Amino acid sequence: QQKVQQSPESLIVPEGGMASLNCTSSDRNVDYFWWYRQHSGKSPKMLMSIFSNGEKEEGRFTVHLNKASLHTSLHIRDSQPSDSALYLCAASRANTGKLTFGDGTVLTVKP
Amino acid sequence: NAGVIQTPRHKVTGKGQEATLWCEPISGHSAVFWYRQTIVQGLEFLTYFRNQAPIDDSGMPKERFSAQMPNQSHSTLKIQSTQPQDSAVYLCASSLGDRANERLFFGHGTKLSVL
């Protein structure tokens, strides 16, 4: 069964610091990786997606993907208290729109 | 654009009762997904439709859960004989559905509590 593993389970960073989150899929047939952010009591919202090897940057957020190892990472620089949330990694195959989610990393940014 | 609309926001049922959850996808979106979220299991896939046709129900508990999409503007998830372990937030999501790599837009969810 396809599994998505995320680490760490929780992370505390100071305001202005860098947060680094990791995600690996055990399904060798995945094609796409996604990062969703879920604030407490809210629904998940897509933060970033990455489909090709390499790096993608959007503002303070950078994602990396290594398709050979099926590993993606999300880096948040200049972290803000409003970044405190559950970060969910997901993977999907090209022949389906179905996303399989990891258990998430709870990020806390301390002022 | 109102986003994905789910009703009710909260539902409390007694053990053994039936629960029906409703989802209205974003207008123009042809793919609808149902997920369930709990602290213990995380965000679990249940089932999805594309152009109203069921595509994958591999996450559905077979005996008591069923989902339908009678028209492009709504989908329902029905749970018969609810059990305490069914307590969860049930999330509906939709996407344009043209390609497999399109983002999902989630509704606010229905929190189901089975007493």
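Note that the structure is a prediction, hence the values are computed from the model and not measured.

Criteria and thresholds
Along each chain, the written sequence defines residue order, and numbers are assigned to residues from 1. Here every chain gets a letter starting at A, and every ligand a number starting at 1, in the order they are written. Two thresholds apply to this predicted model, a pLDDT of at least 70 for residue-level local features and 80 or more for giving and counting side-chain atom pairs, whereas whole-chain, interface and lining totals are computed over all residues. To obtain the side-chain values, all non-hydrogen atoms of the structure were included, while hydrogens and water were left out. Disulfide assignment relies on a single distance test, namely cysteine sulfur atoms paired within 2.5 Å. Secondary structure elements are defined from DSSP: runs of H or I of at least 4 residues count as helices, runs of E of at least 2 residues count as strands, and each element is numbered from the N terminus. When a residue's accessible area, from a 1.4 Å probe over protein chains only, is under 20% of the maximum for its type it is buried; when over 50% it is exposed; and in between it is partly exposed. The term salt bridge refers to a side-chain nitrogen of Lys or Arg lying within 4 Å of a carboxyl oxygen of Asp or Glu.

Which parts of the structure should I look at to understand the state of the cysteines?
Working definition of a disulfide: a covalent bond connecting the sulfur atoms of two cysteines. This model, assessed by the stated rule, comprises two disulfides over all chains. One disulfide in the model links A:Cys23 with A:Cys89; its S-S distance is 1.9 Å. Around the S-S axis, the bridge from A:Cys23 to A:Cys89 shows a dihedral of about -70 degrees and counts as left-handed. Taken as a pair, A:Cys23 in strand β3 (residues 19-25) and A:Cys89 in strand β9 (residues 85-92) lie far apart in primary sequence, 66 residues in all. Just as A:Cys23 is buried, A:Cys89 falls in that class too. Paired through a disulfide, B:Cys23 and B:Cys92 show a sulfur-sulfur distance of 1.9 Å. Judged by the sign of its S-S torsion, about -65 degrees, the cystine formed by B:Cys23 and B:Cys92 is left-handed. With B:Cys23 in strand β3 (residues 19-24) and B:Cys92 in strand β9 (residues 88-95), this residue pair connects regions lying 69 residues apart in the sequence. Each member of the pair B:Cys23 and B:Cys92 is classed as buried.

Just to check I follow, could you spell out the pattern of salt bridges for this structure?
Proximity of charged atoms lets side chains of opposite charge pair with each other. Enumeration over the complete set of coordinates arrives at seven salt bridges over all chains. One salt bridge connects B:Asp56 with A:Lys98, and the closest N-O pair in it is separated by 3.5 Å. Highlighted residues: B:Asp56 in strand β6 (residues 53-56) and A:Lys98 in the loop between β9 and β10 (100-101), drawn from two different chains. By the burial criterion, B:Asp56 is buried, and A:Lys98 matches it. Put simply, B:Arg36 and B:Glu44 hold a salt bridge, and the shortest N to O gap is 3.3 Å.

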